[in-house]
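Tertiary structure, described
So you can see what is in the structure, the chains are spelled out below.
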Amino acid sequence: SLVLLLLLSHTPQSYSSSSSSSSLSSKHSKGFFSSDSNSDKEEKLKKKKTGRKQAATIAKNEDSKTVFSKGLVVLARWGDEGWYFRGKVVKPTEGGYLVEDNSGHREDIDNKHILVDEQDIKKSLSAGSHVVALHPDYSFSYAPARVTGTDDNWFFDLKFYDQSEAEVPREEMYFISAEQYQEDAKFIRNIEEALLGAFVVVRDNSDGLYRRGMVTKSSGRSFEISLNGDTIVQDPSQVFTDNKKSPNQSLPPGSHCICPLDDLQNSFAPAKVSSVNKDGSLKVVFYDDSELYSVEKDYVYPVSGEFYVNSVNYIKSR
């Protein structure tokens, strides 16, 4: 059968630091920090990192534990891929925080897998240090890496867990321990192995609807997926794994989702929740005004209003 090549993603563009994979080369002008003393370098790094912060802040509670306020933009490790993406803090949970990405997906993430600029500013890096850094091949995507060298301009040579190499500016990396590097790298590799043979829901570019496909090969964030005999290159935001379902997430009337068109669950489409039935199932209205009177929350993928509008516009353009 033919194969679909795609990338999985949390589409974190709206929460990004305005950098992407292309910025790794565009920022490599020598002299970026060349005339600065160490204190000047730290001050410039502080300005770059704190410049990403919104009104929300971090603080210490009475037990001297770090507290993130609602709305704080953080870099978090997401369970469906093991990579780090930006998201916003929704609320504290036991042992961590509920974080929401740009597509509307929410996940309870452990404290140690949440990285913030304010806590990283004073961390010094040298050859042998371990970091989570912007990957050279995937936009807005951060992965574990090891520092292999540096220069006077505060750009660091990195070797990522997948053997990719790149020179990355200091503001696009976060210090982690060697133990966390090993844990993160192992976690990603285990997910890659587990995805082989797994079914995912992916947008079919021929009509814009979403259909089931099966992962036949995975490497890094690249996945080959068998889908209806077609071969297309898919946008990374248009892939849904079971981990992107949020059965515990509230879906009140007016919420948006990618919902199965029927009980067979072979095809999915953007929909709005019109009401919640007494048994907890959802009544939804699809983009074309057709309705489904009862669908279980476990079968839908929550998305943001922006994602819904973009999906509908794409369907209408086909």
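Residues numbered from 1 in each chain as written. Predicted model: local features only at pLDDT ≥ 70, side-chain atom pairs only at ≥ 80, totals over all residues. Heavy atoms only, no water.

Next up on the list: the overall build of the chain. A count of helices and strands for the chain gives 5 helices and 22 strands. In the chain, buried positions account for 50% of the 318 residues. Accessible surface computed for the chain: about 14,700 Å², of which carbon and sulfur atoms make up 47%. (Helix = DSSP H or I, 4+ residues; strand = E, 2+ residues; numbered from the N terminus. Buried < 20%, exposed > 50% of the residue type's maximum accessible area, 1.4 Å probe, protein only. Areas by Shrake-Rupley, 256 points an atom, 1.4 Å probe, with all protein chains shown as cover.)

A few words now on helix H5 (residues 305-317). Between its first and last C-alpha, H5 extends 18 Å over 13 residues, near the 18 Å set by a 1.5 Å rise per residue. Buried within H5 are the following residues: Phe307, Tyr308, Ser311, Val312, Tyr314 and Ile315. In a view along the axis of H5, the buried residues occupy a sector of 160 degrees, so they form one face of it. (Expected span 1.5 Å × (residues − 1). Arc of directions from axis to C-beta.)

What follows concerns the packing of aromatic side chains. Taken as a whole, this structure holds 8 aromatic pairs when the rule is applied. Between Tyr210 and Phe240, the aromatic rings sit 5.9 Å apart at their centres with planes inclined by 70 degrees, giving edge-to-face as the arrangement. On the criterion of sequence distance, the pair formed by Tyr210 in strand E15 (residues 210-219) and Phe240 in strand E17 (residues 239-240) is long-range, its members being 30 residues apart. The same class applies to Tyr210 and to Phe240, which are both buried. Relative to Phe307, the ring of Phe240 lies with its centre 5.8 Å away and its plane at 80 degrees, an arrangement referred to as edge-to-face. Here the residue Phe240 occupies a position in strand E17, and Phe307 occupies one in helix H5, the gap between them amounting to 67 residues. (Phe/Tyr/Trp six-rings, centres within 6.5 Å; stacked < 30°, edge-to-face > 60°.)

Glancing now at the side chain of Asp117. Relative to the assigned elements, Asp117 resides in helix H3 (residues 117-120). Classification of Asp117 as buried rests on a relative accessible area of 7%. A distance of 2.6 Å separates a polar atom in the side chain of Asp117 from a polar atom in the side chain of Tyr174. (Polar contact = N/O pair within 3.5 Å; in protein donor to acceptor, adjacent residues only side chain to side chain.)

Turning our attention to the nonpolar core. Side chains of a nonpolar character, in soluble globular proteins, are inclined to be buried together. Ranked by internal contacts, the top residues of the largest apolar core, which has 39 residues, are Val74, Ile114, Val131, Leu158 and Met173. With residues near it in sequence (within four places) discarded, Val74 still touches Phe85, Arg86, Gly87, Val89, Val99, Ile114, Leu115 and Val116. Core analysis: the second largest hydrophobic core is formed by 14 residues, Leu251, Val273, Phe286 and Val295 among them. (Core = buried A, V, L, I, M, F, W, Y, C linked by side-chain atoms within 4.5 Å. Contact = heavy atoms within 4.5 Å.)

To continue, consider unusual backbone geometry. Its identity is not glycine, yet Gln163 carries a phi of approximately 75 degrees, on the positive side. With respect to the secondary-structure elements, Gln163 resides in the loop between strand E11 (155-160) and strand E12 (165-169). Unlike most non-glycine residues, Asp289 shows phi in positive territory, near 75 degrees. Relative to the helices and strands, Asp289 resides in the loop between strand E20 (282-286) and strand E21 (291-295).

Per the counting criterion, the structure on display carries 7 salt bridges. With a closest N to O distance of 3.6 Å, Arg77 and Glu183 form a salt bridge. Pair noted here: Arg77 is in strand E4 (residues 73-77) and Glu183 is in helix H4 (residues 178-195), with a separation of 106 residues, a long-range link. Where Glu100 meets Arg106, a salt bridge forms, and the shortest distance between an N and an O atom there is 2.6 Å. You can call Arg106 partly exposed: its relative accessible area is 32%. Connected through shared salt-bridge partners, Arg77, Lys112, Glu183 and Asp184 make up one network. (Salt bridge = Lys/Arg side-chain N within 4 Å of Asp/Glu carboxyl O.)

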